[in-house]
Amino acid sequence: MPAGEPGAHPYIPNSVPEVQQEMLRAVGAASVEEFYADIPRELRVEGLLHLPAPLLSEAELTRHVEGLLARNTSTRDALSFLGAGCYQHQVPAVCDEINGRGEFLTAYAGEPYEDHGRFQALFEYQSLMGELLDADVVNVPNYDGFQAAATALRMACRLTGREAVLLPEQLDPDKLSMVRNYLRPDVSMAQVPFLPESGLLDPDALRAMLSDRVAAVYFENPGYLGVLETGAEGLAAAAHSAGALAVVGVNPLSLGVVRPPAQYGADLACGDIQSLGIHQHYGGGHGGFIASADDPRFVMEFPSRLFGIAPTIVEGEYGFGDVAYERTSFARREEGKEWVGTAAGLWGITAGVYLALMGPQGMKEIGEGLMQRCRYLMGRVAAIPGLRVPFAATPHFTEFVVTLDGTGRTAAQVNRALLERGIFGGKDLSADFPSLGQSLLLCVSEVHTGEDLDRLVDALREVVR
Amino acid sequence: MKPIGPKPRPRRFHQASWDEPVIFELSRPGQRGVLLPPVEAEIEREVGHPARELPGTLRRTTPPALPELSQNQVLRHYARLSQETLGVDLNPDIGQGTCTMKYSPKVNEQLARNPRLTELHPLQDEATVQGILEVMHRLEAMLGEISGMDRVTLQPGAGSAAIYANVCMIRACQAARGQGERDEVITTIFSHPSNAAAARVAGYRVITLYPDADGYPDLEALKAAVSPRTAGLLITNPEDTGIFNPRIAEFVRVVHEAGGLCSYDQANANGILGITRAREAGFDLCHFNLHKTFSTPHGCGGPGAGACGVTAELAPFLPVPTVECDDGRYRLDYERPQSIGKVRPFYGVTPNLLRAYAWIMSLGAAGLRRVAEIAVLNNNYLLHQVLQIRGVSAPYAAGKRRIEQVRYSWEQLARDTGVRSEDLEIRVADYGMHYWTSHHPFVVPEPMTLEPTESYSRADLDDYAAVLRQISDEAYSRPEVVTTAPHRSTVHRTRQESFDDPDQWAVTWRAYLRKTGQDRG
């Protein structure tokens, strides 16, 4: 009998000793040890691993894990103004209902015949995102927005045969780190500065940095510091004039009111879908998208799977399958485009449900409401003595920078004081963007009422007095 | 009433078939799926409509052509699509070999949906997230013990991302040692394709070893491949054939002696939990797929979660941040100057980290070993059953036992009947099961890869074998039944031609409408 607990374990049907004996007899083995004959003695673990004693019952396990989680304070327990790449939004109940269904939750990589629904749901996700982005090609989600940006830039290098990319100075430092590492072997990077008065990318500096080595100009809309790139069309045109592609990172939640990148000249759009019906999950709810026109040159550079629609042998029936599978690493190992693997399918389905629930009207209303709350909070915060909102004249989506230099307090001190009042303040930008001084990145959500916004303003006023 | 007769084996099955339209076809202008909280009138009075004041170049003038549906319609549509999807919850998912399709316990689902996890923002003050940081710290320690490695990161998004992170750590370590000339990575053909593909992205030339005549990784080929240009070895063990490489420590030694580092792809760890570890075989790095071995659900292709384990020597290169504990207080450490930086936003696929933690806690050391032993028993039992079926064989290592999976071959069946493994793949769907051939290229002719894990009963294994036996019989007696499958699926055979034709392929509904000359309804 195998080592282990004497009783049957609920997750292991054949943990019944008699069943094991029957199975061993059936295969002519004296014990499970025979199956491990190829593993040399010196590589075997002696005895048992040193792990905590198990909590075999659901009651014990739940008590233990809930006890640990009870030590967290969530954004429902407090009032949160954190954003910076992970966003608090209302998740419609139907999103959670659908991604909690065991069929979707526990399926994986079946064929379109036993998993027709999975293929259709992800094809629909691609299609819904395609409408939002005004693009005919959108991938099955990759890992996250970082990966989407990094891959879009590698795609641009392959498409142009060039090996340099330009990125904005006002970029999430974590994203910059991931992208830098991803491009390190053969692509060089430079950062285009932003204009201190507007927070917008400096178009003259961009033009001066362009050359026939540059494969792509990457910028974001809204950018990391919250501003909407009013000069987006010019930036894309500048890229094109140098033979480079324009690659634009977007928050898809903005696209009910903000033009999609394809309409101002972007060749590739990319970003993260966490804001579309996925909880914050302490940063564990991310999925990435890349979109392009239906140009075979572009399609053949996608590493991800692309699900397509096709007829079946029965009239009136929709079938689904993989488009241009031969480009992938599943088909061609290192000769494929980058790699493909398990990424974020369930989040893709969830984002599709979200967009289907929201519809064009919902996407317009949420964009309008977020921009109203953002402008309201910006105005109120800017009116507090000592505080300054540096890019106030530029349109913002949900986030904005506030500098605290006039208060004599550090961003960390202010955040600590807000926390004492039950408020999670903004991301502290001081170390990553020293040119902004002591500063916070504040973020609004549609879950914020006017009273919530005023509560932050009152607390800030009190804290910096 | 007479007793109702016994159930036939294989069972009579028909997949749900709702003939569901594409969601855009369900739209009716004006319908709403959810409503939003209105902005207060006084705010609107104060700020007006900033979205409408956007400059023309940035203001969306044509609304996105998203469908307009009521809430119940959206729910029903997706609920139907879910029914047309065969998750592990519905079938003994033995057929997706290499994927370790085990049971994902429901109690862990409930725990992962706790608002004190789902509603945490990753940039909250550390004082407000001590619980989740403790979970991550404990999970790291447990995976360290399971692998024998000194430090673990939980940041990678899934298995391939973990392979990539390990390659990046090898690159950073050798750059720090002044060994930048090492530009070749060695892997084996029966290791996951992402070992080769991720190494290429990281800038390496890839050397792929093929097995020796017995199906074991070829030691002589490895010795011939190593050189001063060798950066490292990326290898799976047991490989996707289910064969454990008994000379693995020697493989590691050969690469170490050539100055390279060794990274262990532990995607196939389920049969060796508590049996053998990366550390004892001498590896410098390893990774686990938490969505395989550690039971987190596969989510229609993610989110998964990856965990990399490294020796103390490689630890400085781990992604930032690491989770540290000082006197019972948990914190995130970004002050790691030699780190490869970030491989993903924030700290990893946190809900899956919690599920994996809960799974290990519900088993303990003895339970993990039991998982391995029963996964292996199940596999060898299934091997014995399958080999009694006409037309199938288990190439390599004749007469030997396997670990947790087997790559079979239907070469004989194809020769006898013309029915190919890819036909079987479709026909199995008619019986409510999954079936997978193999990664490409097909080194084993007409391949089939089965991995029964610990989650299935003897009766489940017998059911799966009965389906294969039935299809083999069909191939020999009525092959057209197999080659025209599916017959009891959601849909019938799809015409494949369009998927590789740029004039016909359609990745979105809008592209489909355009290419088929249809106007928007």
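All values derive from a computational prediction rather than experimental measurement.

Considering the overall build of chain B
Helix and strand counts for chain B come out as 16 helices and eleven strands. Against the 2.2 N^0.38 benchmark of 24 Å for 521 residues, chain B shows a C-alpha radius of gyration of 26 Å, consistent with a compact globule. Once the C-alpha set of chain B is aligned to its principal axes, its extents read approximately 75 × 70 × 55 Å. When burial is assessed residue by residue, chain B has 66% of its 521 residues classed as buried. A fraction of 73% describes how many contacts in chain B between residues 6 or more apart in sequence connect residues 24 or more apart.

Some details on the interface of chain B and chain A
Residue-level contacts link 219 residues of chain B with 206 residues of chain A. When chain B packs against chain A, close to 18,600 Å² is buried across both sides, 62% of that on carbon and sulfur atoms. Our enumeration of links across chain B and chain A arrives at 18 salt bridges. Put simply, Glu 131 of chain A and Arg 510 of chain B hold a salt bridge, and the shortest N to O gap is 3.4 Å. At the surface where chain B touches chain A, the tally comes to 108 residue pairs in polar contact (both at pLDDT 80 or more). Of the residues forming the side of chain B that touches chain A, the biggest block, 16 residues, is contributed by helix α11 (residues 364-386) of chain B. Here the side of chain B that touches chain A is built from residues that sort into 114 nonpolar, 59 polar and 46 charged.

Quick notes on the pattern of salt bridges
If you walk through the whole model with that rule in mind, you get 64 salt bridges over all chains. Here Arg 510 of chain B makes a salt bridge to Asp 136 of chain A, at a shortest N to O gap of 3.2 Å. A residue pair is termed interchain when its members come from two chains, as with Arg 510 of chain B in helix α16 (residues 509-515) and Asp 136 of chain A in the loop between α5 (116-133) and β2 (137-138). One salt bridge in this structure joins Asp 458 of chain A and Arg 461 of chain A, with 3.6 Å as the shortest N-O distance. Of the two residues, Asp 458 of chain A and Arg 461 of chain A both sit in helix α14 (residues 450-464), three residues apart, roughly one turn of that helix. Asp 458 of chain A sits in the partly exposed class, given a relative accessible area of 45%. On the basis of relative accessible area, Arg 461 of chain A is assigned to the partly exposed category, the value being 35%.

Concerning the domain arrangement of chain B
All names here are of chain B. Annotation of chain B at the domain level lists domain 1 (112-361) and domain 2 (366-483). Averaged C-alpha coordinates put domain 1 and domain 2 at centres separated by 29 Å. On the domain 2 side, the residues contacting the 27 residues of domain 1 number 23 residues. Summing both sides of the interface, domain 1 and domain 2 together bury roughly 2,000 Å²; the carbon and sulfur share of this comes to 66%. In this assembly, domain 1 and domain 2 are joined by zero salt bridges. Counting the contacts that link domain 1 with domain 2 gives six residue pairs in polar contact (both at pLDDT 80 or more). For the side of domain 1 that touches domain 2, the residue count by class is 16 nonpolar, eight polar and three charged.

What about the packing of aromatic side chains?
In this description, a pair of aromatic rings is defined by centroid distance and the angle of the planes. The final tally for this structure, using the stated rule, is 17 aromatic pairs over all chains. Taken together, a centroid distance of 5.4 Å and an interplanar angle of 85 degrees make the contact between Phe 288 of chain B and Phe 294 of chain B edge-to-face. Phe 288 of chain B gets classed as buried once you look at its relative accessible area, which sits at 3%. Given the relative accessible area of 0%, Phe 294 of chain B is considered buried. Taken together, the ring pairs in this structure connect Tyr 318 of chain A together with Phe 24, Trp 509 and Tyr 512 of chain B into an aromatic cluster. Above the plane of the ring of Tyr 476 of chain B lies Arg 390 of chain B, whose end atom (NZ or CZ) is 3.7 Å from the centre.

With respect to the layout of surface pockets
Here the second largest pocket is characterised by a volume of approximately 800 Å³. Lining the second largest pocket are 27 residues, with Lys 427 and Asp 428 of chain A together with Leu 123, Gln 124 and Asp 125 of chain B positioned closest to its centre. Within the residue set of the lining of the second largest pocket, elements represented by two or more residues are α7 (173-183), α13 (411-420), β12 (423-424) and β13 (427-428) of chain A. Per element, the largest residue contribution to the lining of the second largest pocket is four residues, and it comes from α13 of chain A. In terms of residue class, the lining of the second largest pocket is built from 15 nonpolar, four polar and eight charged.

Side note on the environment of Met 23 of chain A
Here Met 23 of chain A is to be found in helix α1 (residues 17-27). Judged by its relative accessible area of 0%, Met 23 of chain A falls in the buried class. Separated by 379 residues in the primary sequence, Met 23 of chain A and Val 402 of chain A place their C-alpha atoms 68 Å from one another. Among residues more than four places away in sequence, those in contact with Met 23 of chain A are Asn 14 of chain A together with Leu 377, Asn 378, Tyr 381, Arg 458 and Leu 461 of chain B.

Side note on empty space enclosed by the protein
Per the counting criterion, the structure on display carries ten cavities of 30 Å³ or more. As a volume, the largest cavity reaches approximately 400 Å³. Residue lining of the largest cavity: 28 residues in total, with Gly 85, Tyr 87, Lys 175, Glu 220 and Asp 272 of chain A positioned closest to the centre. Elements represented by at least two residues in the lining of the largest cavity include exactly α6 (145-160), β5 (214-221), β6 (245-250) and β7 (268-272) of chain A. Residues of the lining of the largest cavity, tallied by class, amount to 13 nonpolar, ten polar and five charged. When we break the lining of the largest cavity down by domain, the ones giving at least three residues each are domain 2 (79-89 + 360-464) and domain 3 (93-354) of chain A. Estimated volume of the second largest cavity: approximately 80 Å³. Lining the second largest cavity are 13 residues, and of these Glu 140, Thr 153, Leu 154, Pro 321 and Thr 322 of chain B lie nearest its centre. For the lining of the second largest cavity, the leading source of residues is strand β1 (residues 151-153) of chain B, giving three residues.

Considering the state of the cysteines
Counting across every chain of the model gives zero disulfides over all chains. Cys 374 of chain A takes part in no disulfide bond, and the closest cysteine sulfur to it belongs to Cys 443 of chain A, at a distance of 7.9 Å. Here Cys 374 of chain A falls in the buried class, since its relative accessible area comes to 0%. Distance from the sulfur of Cys 286 of chain B, which forms no disulfide, to the nearest cysteine sulfur (Cys 308 of chain B) is 7.9 Å. Judged by relative accessible area, Cys 286 of chain B falls into the buried class, the value being 1%.

A look at the sheet that holds strand β4 (residues 188-192) of chain A
Residue and element names in this part refer to chain A. Judged by pairing direction, the sheet is mixed, and its seven strands sit side by side in the order β2-β8-β7-β6-β5-β3-β4 without closing on themselves. This sheet does not close on itself; its edge strands, each paired only once, are β2 and β4. Relative to strand β8 (residues 288-292), β2 is paired through two bridges, and the arrangement is antiparallel. Bridge pairing in β8 links Val 137 to Ser 292. The strands touched by α5 are β2, β6, β7 and β8; relative to β8, the strand with the most contacts, the crossing angle is about 65 degrees. Contacts from α6 reach β3 (164-168), β5, β6, β7 and β8, with the element oriented near 160 degrees to β7.

What counts, and where the lines are drawn
Residues numbered from 1 in each chain as written. Chains lettered and ligands numbered in written order. Predicted model: local features only at pLDDT ≥ 70, side-chain atom pairs only at ≥ 80, totals over all residues. Heavy atoms only, no water. Helix = DSSP H or I, 4+ residues; strand = E, 2+ residues; numbered from the N terminus. Rg over C-alpha atoms; globule rule 2.2 N^0.38 Å. Buried < 20%, exposed > 50% of the residue type's maximum accessible area, 1.4 Å probe, protein only. Contact = heavy atoms within 4.5 Å. Buried area = accessible area lost by both parts, 1.4 Å probe. Salt bridge = Lys/Arg side-chain N within 4 Å of Asp/Glu carboxyl O. Polar contact = N/O pair within 3.5 Å; in protein donor to acceptor, adjacent residues only side chain to side chain. Nonpolar A, V, L, I, M, F, W, Y, C, P; charged D, E, K, R; others polar. Domains from an automatic or database assignment. Phe/Tyr/Trp six-rings, centres within 6.5 Å; stacked < 30°, edge-to-face > 60°. Lys NZ or Arg CZ within 6 Å of the ring centre and 35° of its normal. 1 Å grid on protein atoms, 1.4 Å probe; cavity = no way out; pocket = protein on both sides within 12 Å on 5 of 7 lines; lining within 4 Å. Points joined across faces, edges and corners; volume = space filled by probe spheres on them. Disulfide = S-S within 2.5 Å. Pairing = 2+ DSSP bridges. Axes fitted to C-alpha atoms, helices over the stretch in contact; angles between N-to-C directions.

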